[in-house]
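# An overview of the molecular structure
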Amino acid sequence: MSKFIAAAALAASLAAAPAAFAGDWSLAIHGGAGVINRGSLTPEKDAAYRAGLDAALKAGSEVLEKGGSSLDAVEAAVKVLEDNPLFNAGRGAVFTADGRNELDASIMDGATLKAGAVAGVTRTKHPISLARTVMEKSPHVMLAREGADKFSVEQGLEQVDPSYFRTEERWKQLESWRAKQKAALDPTHLYGTVGAVAIDAKGHLAAATSTGGMVGKKWGRIGDSPIIGAGTYAQDGVCAVSATGSGEYFIRTSAAHQVCARIAWKGEDLKTAGEATIKAIGDIGGDGGMITMNARGEVAFPMNSSGMYRGWASAKGRGTAIYADEGK
């Protein structure tokens, strides 16, 4: 089969995929997974996290309620989370061992299989918007570090001084890491990431993920969040996934794509595919969670951690959860 015939076949498949969708729009988000046991958060902190999740759900829902695209919705939701210092992305990003904030993000359009990603950026206020700009305004999928920062300026995205990303709580985490040489002092933020998946009224899926990485990361370490197929994946007619956890293990298992592959190739349902993928991650020593959505807009939150900040919304309403034994 020539590449032209193959491309035409793929385009026809993608164009036909939304026809199976007979429901309304749907949205799901996460704000990171980790050791989040009941009682580990004060009532005030618990309420603050839920309010932050709800604000992101509201932003994404407003896009979808007006007939907007799933791509616009996931970007809108993630931008709200990037602005909230409670979450390890954007304003709340953790520090590297050198005391810098280096941000990663990715986004994928299930309708076209186009994707964009950035790694190690330091001056873009909303890394998820830069990832989308890479997808739409460049011939590439991923840009990193100085090149990504330069591209951001050239494209006119909002820039901030690196000090914008500094928060006192994250700096204290770095100081604790330096003192104890642990991956992170606060286990509730061990693998902090934010993400969103959505399906719009036309049946198109999209996924987006953004993170500050791991406390004390060295040598330009990059996790799964900006890697298409590991931390982010979306394909119309199949599923959309955003992951959070021990990134190296999600990379090694192609976690986000694996969920979709299990649905497409093995005929597994969303819950089974997600749980099997999390088991595969756990079998080699990794942990974390994922938000997953199928072509009918159904959502599932597989995890092998004790909690994951998460939320869901549709025309029927919206809700949030933190602990593994709570909600969806």
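Residues numbered from 1 in each chain as written. Predicted model: local features only at pLDDT ≥ 70, side-chain atom pairs only at ≥ 80, totals over all residues. Heavy atoms only, no water.

### Here's the deal with the packing of aromatic side chains
Our working definition: Each Phe, Tyr or Trp ring (for Trp, its six-membered ring) is paired with any other whose centre lies within 6.5 Å, and the angle between the two planes then decides the class: stacked below 30 degrees, edge-to-face above 60, tilted in between. Helix and strand labels come from DSSP, where a helix needs a run of H or I of at least four residues and a strand needs a run of E of at least two; each type is numbered from the N terminus. Accessible area is worked out with a 1.4 Å probe on protein chains only. A residue is then buried under 20% of its type maximum, exposed over 50%, and partly exposed in between.
Per the stated rule, a full pass over the model turns up five aromatic pairs. Seen from their ring centres, Tyr 49 and Phe 87 are 5.5 Å apart, and the 70° between their planes marks the pair as edge-to-face. Highlighted residues: Tyr 49 in helix 2 (residues 43-65) and Phe 87 in the loop between helix 3 (70-83) and strand 2 (103-109), separated in sequence by 38 residues. With a relative accessible area of 1%, Tyr 49 lands in the buried category. The class of Phe 87 is buried, set by a relative accessible area of 0%. Here Tyr 164 and Phe 165 contribute two aromatic rings whose centre-to-centre distance is 5.2 Å and whose plane-to-plane angle is 80°, an arrangement assigned as edge-to-face. An aromatic cluster of three or more residues is present, and its members are Tyr 49, Phe 87 and Tyr 309.

### Some words on the pattern of salt bridges
Basically, it comes down to this: Any carboxyl oxygen of Asp or Glu within 4 Å of a side-chain nitrogen of Lys or Arg constitutes a salt bridge here.
In this structure the tally under the stated criterion is 18 salt bridges. When the shortest N-O distance is used, the salt bridge between Asp 325 and Arg 38 registers 3.2 Å. One end of the pair, Asp 325, is in the segment after strand 12 (317-323); the other, Arg 38, is in the loop between strand 1 (26-34) and helix 2, with 287 residues separating them in the sequence. The two residues Asp 325 and Arg 38 agree in class, both being exposed.

### Focus on the sheet that holds strand 8 (residues 239-245)
To keep it simple, the criterion reads: Between any two strands, at least two bridges found by DSSP are needed for them to pair. Should any heavy atoms of two residues lie within 4.5 Å, those residues are considered in contact. Note on geometry: axes are lines fitted to C-alpha atoms, helical ones only across the stretch in contact, with angles between N-to-C directions running from 0 to 180 degrees.
Taken together, four strands build an open sheet; the order of strands is 7-8-9-10 and the sheet is antiparallel. The open sheet has two edge strands, strand 7 (232-235) and strand 10 (299-300), and neither has a second partner. Two elements, strand 7 and strand 8, share four bridges in a ladder whose sense is antiparallel. Considered in strand 8, the bridge of Tyr 233 is made with Val 241. The strands touched by helix 8 (residues 255-266) are strand 7, strand 8 and strand 9 (288-294); relative to strand 8, the strand with the most contacts, the crossing angle is about 145°. Taken strand by strand, helix 9 (residues 270-283) contacts strand 9 and strand 10, and its axis lies near 155° from that of strand 9.

### Structural notes on the state of the cysteines
What we call a disulfide is simply a covalent bond connecting the sulfur atoms of a pair of cysteines. To keep it simple, the criterion reads: Any two cysteine sulfur atoms lying within 2.5 Å of each other are counted as a disulfide.
With the rule as written, the count across this model stands at one disulfide. Sulfur-sulfur distance for the disulfide between Cys 239 and Cys 260 comes to 1.9 Å. When the S-S torsion is -105°, as for the bridge of Cys 239 with Cys 260, the disulfide is left-handed. One end of the pair, Cys 239, is in strand 8; the other, Cys 260, is in helix 8, with 21 residues separating them in the sequence.

### Considering the UniProt feature "active site" (unreviewed entry) in the chain
For clarity, the threshold we go by: UniProt positions are given in the numbering used here, feature names are shortened, and annotations may be inferred rather than shown by experiment.
According to UniProt, the positions carrying the feature "active site" (unreviewed entry) are Thr 193. Structurally, the position occupied by Thr 193 is in the loop between helix 6 (168-180) and strand 5 (194-199).

### Some details on unusual backbone geometry
The phi dihedral of Arg 145 falls on the positive side, at around 50°, and the residue is not glycine. Checked against the element boundaries, Arg 145 lands in helix 5 (residues 145-154). Accessibility expressed as a relative area gives 31% for Arg 145, which makes it partly exposed. Even without being glycine, Ser 254 reaches a positive phi, approximately 45°. In this structure Ser 254 comes out as partly exposed when scored by relative accessible area, which is 35%.

### Some points on the pairing of strand 8
Of all seven residues that make up strand 8, seven are buried, and the element is covered over most of its length. The hairpin formed by strand 7 and strand 8 contains three residues between the paired strands, and Gly 237 there has a positive phi angle of roughly 80°. Bridging between strand 8 and strand 9 involves seven bridges; their strand directions are antiparallel. Paired with Cys 239 across the two strands is Asn 294, which belongs to strand 9.

### Overview of the sheet that holds strand 1
If you trace the eight strands from one edge of the open sheet to the other, you get 4-3-2-6-5-1-11-12, paired in mixed fashion. The open sheet terminates on both sides in strands that have one partner only, identified here as strand 4 (142-144) and strand 12. Going across the sheet, the axis of each strand differs from the next one's by a mean of 10°, ignoring polarity. Alignment of strand 11 (residues 307-314) against strand 12, held across six bridges, turns out to be antiparallel. Counted as the bridge partner of Ala 313 is Arg 318 from strand 12.

### Some thoughts on the packing of helix 8 against helix 9
Operational definition: Between 65 and 115 degrees an angle is taken as roughly perpendicular, under 35 as roughly parallel, over 145 as roughly antiparallel, and anywhere else as oblique. Crossings are classed by handedness, with left-handed meaning an anticlockwise turn of the near helix from the far one by less than a right angle and right-handed meaning a clockwise turn.
It is at 9 Å that the axes of helix 8 and helix 9 come closest, and there the two elements cross at 140°. With respect to helix 9, the element helix 8 is oriented oblique. Judged by the sense of rotation from one axis to the other, the crossing of helix 8 with helix 9 is right-handed. Here Ala 255, Gln 258, Val 259, Arg 262 and Ile 263 of helix 8 come into contact with helix 9, specifically with Leu 270, Ala 273, Gly 274, Ala 276, Thr 277, Ala 280 and Ile 281.

### Here's the deal with the UniProt feature "binding site: substrate" (unreviewed entry) in the chain
On the UniProt side, "binding site: substrate" (unreviewed entry) is annotated at positions that read Arg 221, Ile 222, Gly 223, Asp 224, Thr 244, Gly 245, Ser 246 and Gly 247 here. Looking at where Ile 222 falls in the secondary structure, it is placed in the loop between strand 6 (205-211) and strand 7. Ile 222 gets classed as partly exposed once you look at its relative accessible area, which sits at 35%. Look past the residues within four positions of Ile 222 in its chain and what remains in contact with it is Asp 104, Ala 119 and Ile 251. Tracing the sequence through the fold places Asp 224 in the loop between strand 6 and strand 7. In this structure, Asp 224 is in contact with Ala 230, Gly 231, Ala 243, Gly 245, Gly 247, Phe 250 and Ile 251, ignoring residues within four places of it in sequence.

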